[in-house]
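A structural walkthrough
Residues per chain are reported as follows:
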Amino acid sequence: MRKIGLICSLLHFSSFCTAQQYSLYNSRTLFDTFENPAQRAYQVDTSRRFAFNFFIPTLTANATFVGPAQESIRLLAFNSKISPDAPFGEKDNKLVAHTNNYLFMFRVLKAVKYNQEMGFSWQLRNDTYIRASNETFAVFSDLSKFTNPAYTDIFNNEGYNQLYHQLGFTYRADYNRRTGLGAKISFLSGSAYNQL
């Protein structure tokens, strides 16, 4: 009975959350082993010597929006309309977004002794940062809120977006029965940089 009550409580409290997270960490997948080089990908009795993703990319994205217009963005995402409730002249809103896409992953079990593994990966990463005023969101919904004849710097927003490739090599080996050590060496190559 306690377990059912605990599960019901957790489900009830999760209905108030506005964030979601799905992750492949600690899942013993190739993504997990390239993000954490000390993580082991192979089970000696059941795994094959080579592992790769068949050029099927692993896509990861996360974003955070903080500021007074947070409720307006939530309404836009779920109801397809903007509500200009955020007051003018207050602090700005910040959007931070990242994507991490593994286009190619290849891992080799080099030796069963010490569980030595090495891998090669090709990532495409994207980083975005935007700082926007509340007035910027109000322009898209209701122009009648602009009643003051003189405004200063109300659309003084800024942001950047950068896209780059990351070619990586990972190596891991067991130090003893309880400890595994891993290292990752990467080469970054920029593809695009845009500034707002």
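Let us look at the structure shown here. Because the structure is predicted, anything quoted here is derived from the model rather than measured.

Things to note about the pairing of strand β4 (residues 116-132)
- Where strand β3 (residues 93-111) lies against β4, 17 bridges are found, and the strand directions are antiparallel. Of the residues in β4, the one forming a bridge with His98 is Asp127.
- Connecting β3 to the next strand, β4, in antiparallel fashion are four residues, including Tyr114 with a positive phi near 65°.
- Taken together, the 15 bridges between β4 and strand β5 (residues 158-174) define a ladder with antiparallel strand orientation. If you follow Ile130 over to β5, its bridge partner there is Gly159.

As for the pattern of salt bridges
- One pass over the full model with this rule turns up four salt bridges.
- The partner of Asp92 in a salt bridge is Arg131, and the shortest N-O contact between them spans 2.3 Å. Residue Asp92 is found in the loop between α3 (70-79) and β3, and its partner Arg131 is found in strand β4; the two are separated by 39 residues along the sequence.
- Judged by relative accessible area, which is 17%, Arg131 ranks as buried.
- A salt bridge links Glu158 to Arg131, with the nearest nitrogen and oxygen atoms 3.2 Å apart. In this pair, Glu158 is assigned in strand β5 and Arg131 in strand β4, connecting sequence segments 27 residues apart.
- For Glu158, a relative accessible area of 38% corresponds to the partly exposed category.
- Among the charged side chains, a salt-bridge network with shared partners connects Asp92, Arg131 and Glu158.

Considering the nonpolar core
- Ranked by size, the top nonpolar core spans five residues in total: Leu30, Phe31, Phe34, Tyr102 and Met105.
- Elements represented by at least two residues in this core include exactly α2 (30-35) and β3.
- Looking at this core, the element that brings in the most residues is α2, giving three residues.
- If sequence neighbours within four positions are ignored, Met105 has contacts with Leu30, Phe31, Phe34, Ala51, Phe52, Asn53, Thr58, Phe120 and Ser121.

Describing the pairing of β3
- Strand direction decides the pairing type here: strand β1 (residues 50-52) and β3, joined by three bridges, are antiparallel. From the neighbouring strand, Phe50 faces β3, where its bridge partner is Val108.
- Pairing of strand β2 (residues 61-66) with β3, which is carried by six bridges, proceeds in the antiparallel orientation. Bridge pairing links Ala63 to Ala97 in β3.

Details of the side chain of Thr128
- Looking at the secondary structure, you find Thr128 in strand β4.
- Once residues within four sequence positions are removed from consideration, Thr128 is found in contact with Leu95, Val96, Ala97, Tyr160 and Asn161.

With respect to the side chain of Ser121
- Locating Ser121 in the fold gives a position in strand β4.
- The class for Ser121 is buried, based on a relative accessible area of 4%.
- Setting aside anything within four residues of it in sequence, one finds Ser121 in contact with Phe34, Tyr102, Phe104, Met105, Gln166, Leu167 and Gly168.

Scoring rules and cut-offs
- Residues numbered from 1 in each chain as written.
- Predicted model: local features only at pLDDT ≥ 70, side-chain atom pairs only at ≥ 80, totals over all residues.
- Heavy atoms only, no water.
- Pairing = 2+ DSSP bridges.
- Helix = DSSP H or I, 4+ residues; strand = E, 2+ residues; numbered from the N terminus.
- Salt bridge = Lys/Arg side-chain N within 4 Å of Asp/Glu carboxyl O.
- Buried < 20%, exposed > 50% of the residue type's maximum accessible area, 1.4 Å probe, protein only.
- Core = buried A, V, L, I, M, F, W, Y, C linked by side-chain atoms within 4.5 Å.
- Contact = heavy atoms within 4.5 Å.

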